[in-house]
Structure formats: C-alpha cells, structure tokens
Amino acid sequence: MQITVVEHPLIKHKLSKMRDVQTTSRDFREWLDEIAMLMTYEVTRDLELDAVPVTTPICETTGYKLHNNIVVVPILRAGLGLLSGVLRMIPNAHVGHIGLYRDEETLEPHEYYCKIPPDKDPITIVVDPMLATGGSAAAAITMLKARGLQNIRFMCLVAAPEGVEVLNKAHPDVKVYTAALDEKLNEHGYIVPGLGDAGDRIFGTK
Ligand code: PRP
Ligand code: URA
C-alpha cells in the first residue's frame, strides 16, 4: 500500500471526537477544519520552491516562493468540509469542484458536476474525508487527468485498506494521505470503525 498516515497527537485527539456518534455537526465541522489545516502541512511538505531576492530592513537576502500553482479540488459534498482548512494554509490556491455521489446499492460513483480552474501545471490536492471502496476518489482523479492535470495528491481523513488498494492500482502516481487507516469496510460499504456518513455529519442531513 502506498499511503502516508499523518501521525500527530492533535489529529488523533480531534478525530476520536469526530468518530463519537454524539458529536454535533457544529463540532464535527470545526474539528474537520482543524485537522485539514494540520494535514496540509504534511501534504505540502515536499513542494518545490524557487529562490527569490528579498530586501529586509537590514540587507539583501534570498527568500523562497512556491514553484507551482496549487489547485484544491473537494469532491462534493463532503470534501467541502476540508476546503477552508486547506485554503487557510494555502490562501492563493485556486479551487475546482467535482460532484460525485455514491449509489447506495451498487456503491458506484456517479458524476454530476466538474469545474476546474485553468492553471498551467499546478499541483492538485483532491480532498474528501472518506476513502471507502475508492470508487469516488479514483473516478475524480480520472476526470482530472482527462482535463490534463498530472501532479495530483489525494488527502482524506479516514481510509479503508480496500479503498487504498483500488486507488493505488488505478492511479499509482498519486500520493495518498490520511489521518487514519481503519480496519475494513462493512457489508454496506461503510468504513469500520469509521465515523459514519461524513456528508450527513457535516451538513446535518440525517
Ligand atoms: C462519500 C464520501 C466519498 C465517498 C467515499 O460521499 O464523501 O466521496 O462516499 O466512498 P467510496 O470510496 O466508496 O466511493 P457520498 O457519495 O456519500 O456523497 P456526499 O459527499 O454527497 O455525502
Ligand atoms: N462514505 C462515508 O461518508 N462514510 C463511509 O464510511 C463510507 C463512505
């Protein structure tokens, strides 16, 4: 499996609160936002930099700026819960949206929206809290590649081993980051122990 589990006590603490069935949507959203910020630090750790001249009040020196534009792509709807945390760390990023929903019977992803900014050769960070069967993430990345994007990373909160395998196989070039690698999927395609339906918990729809 090619996956980075972003290990940090603050992430473990917040994610455990989010897993709790008693947690309200308000708290769930807040912790998701905070974890997104912490994970962005790790997901962007190896970004390329260009040296730039800087004049401090004291002298000339060398500073740095990101070499590539960054595009963040939340998979609707639950991916929206990670967006603001990522943008607070990378405020100049542009944002694309991919609309996918998972058929509850077949578990197959269905596309309903796609709008991607026209940046040239960006680093693209696809965000979605849940990587379950891997169908939605793999389909989203296929859609991005069909539009010419190449340097893609995938960031989620909770991953199932089954989904990581599907995603690695479909897109071996894509680096996958998660806050937790859980045990398995249940017979309904939900992650165990997981946190339930992320979209419903973010938006209070159930
Ligand atoms: C959830 C989740 C992922 C997908 C993961 O979205 O946010 O997009 O399921 O499952 P998979 O790995 O088996 O494809 P859902 O389809 O429930 O839509 P929503 O975000 O609108 O709630
Ligand atoms: N989608 C979710 O929101 N949760 C799961 O456990 C699986 C798919």
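Residues numbered from 1 in each chain as written. Chains lettered and ligands numbered in written order. Predicted model: local features only at pLDDT ≥ 70, side-chain atom pairs only at ≥ 80, totals over all residues. Heavy atoms only, no water.

## Some words on the overall build of the protein chain
And step 1. The helix and strand tally for the protein chain stands at 6 helices and 13 strands.
And step 2. For 206 residues, the compact-globule estimate of 2.2 N^0.38 gives 17 Å, and the protein chain sits close to it at 17 Å.
And step 3. Summarising its shape, the C-alpha atoms of the protein chain cover approximately 65 × 35 × 30 Å along the three principal directions.
And step 4. Across the 206 residues that make up the protein chain, the buried fraction comes to 46%.
And step 5. Here the protein chain has roughly 10,900 Å² of accessible surface; of this, 53% comes from carbon and sulfur atoms.
And step 6. Side chains of the protein chain give 21 positive and 27 negative charges; the mean places of these two sets differ by 3 Å. (Helix = DSSP H or I, 4+ residues; strand = E, 2+ residues; numbered from the N terminus. Rg over C-alpha atoms; globule rule 2.2 N^0.38 Å. Buried < 20%, exposed > 50% of the residue type's maximum accessible area, 1.4 Å probe, protein only. Areas by Shrake-Rupley, 256 points an atom, 1.4 Å probe, with all protein chains shown as cover. Lys, Arg positive; Asp, Glu negative; His and termini not counted. Charge placed at Lys NZ, Arg CZ, Asp CG, Glu CD.)

## What about the site of ligand 1?
And step 1. Close contacts around ligand 1 come from 15 residues, with R102, D128, T133, G134 and S136 the closest.
And step 2. Between ligand 1 and the protein, one listed contact pairs an oxygen atom with a side-chain N or O atom of R102 at 2.7 Å.
And step 3. Here an oxygen atom of ligand 1 and a side-chain polar atom of D128 are 2.4 Å apart.
And step 4. Among the elements of the structure, β6 (97-102), β9 (130-131) and α4 (135-146) are those that each provide at least two residues to the shell around ligand 1.
And step 5. Along the lines of polarity and charge, the residues of the shell around ligand 1 split into 6 nonpolar, 5 polar and 4 charged. (Near = heavy atom within 4 Å. Polar contact = N/O pair within 3.5 Å; in protein donor to acceptor, adjacent residues only side chain to side chain. Nonpolar A, V, L, I, M, F, W, Y, C, P; charged D, E, K, R; others polar.)

## Some thoughts on the packing of helix α2 (residues 25-43) against helix α3 (residues 80-89)
And step 1. At a minimum axis separation of 7 Å, α2 and α3 run at an interaxial angle of 45°. With respect to α3, the axis of α2 lies oblique. Both α2 and α3 take part in a crossing whose hand is right-handed. On α3, the residues that touch L32, D33, A36, M37 and T40 of α2 are G81, L82, S84, G85, V86, R88 and M89.
And step 2. Partitioning the contact of α2 with α3 into residue classes produces 6 nonpolar, 4 polar and 2 charged. (Axes fitted to C-alpha atoms, helices over the stretch in contact; angles between N-to-C directions. Parallel < 35°, antiparallel > 145°, perpendicular 65-115°, else oblique. Left-handed = near helix turned anticlockwise from the far one by under 90°. Contact = heavy atoms within 4.5 Å.)

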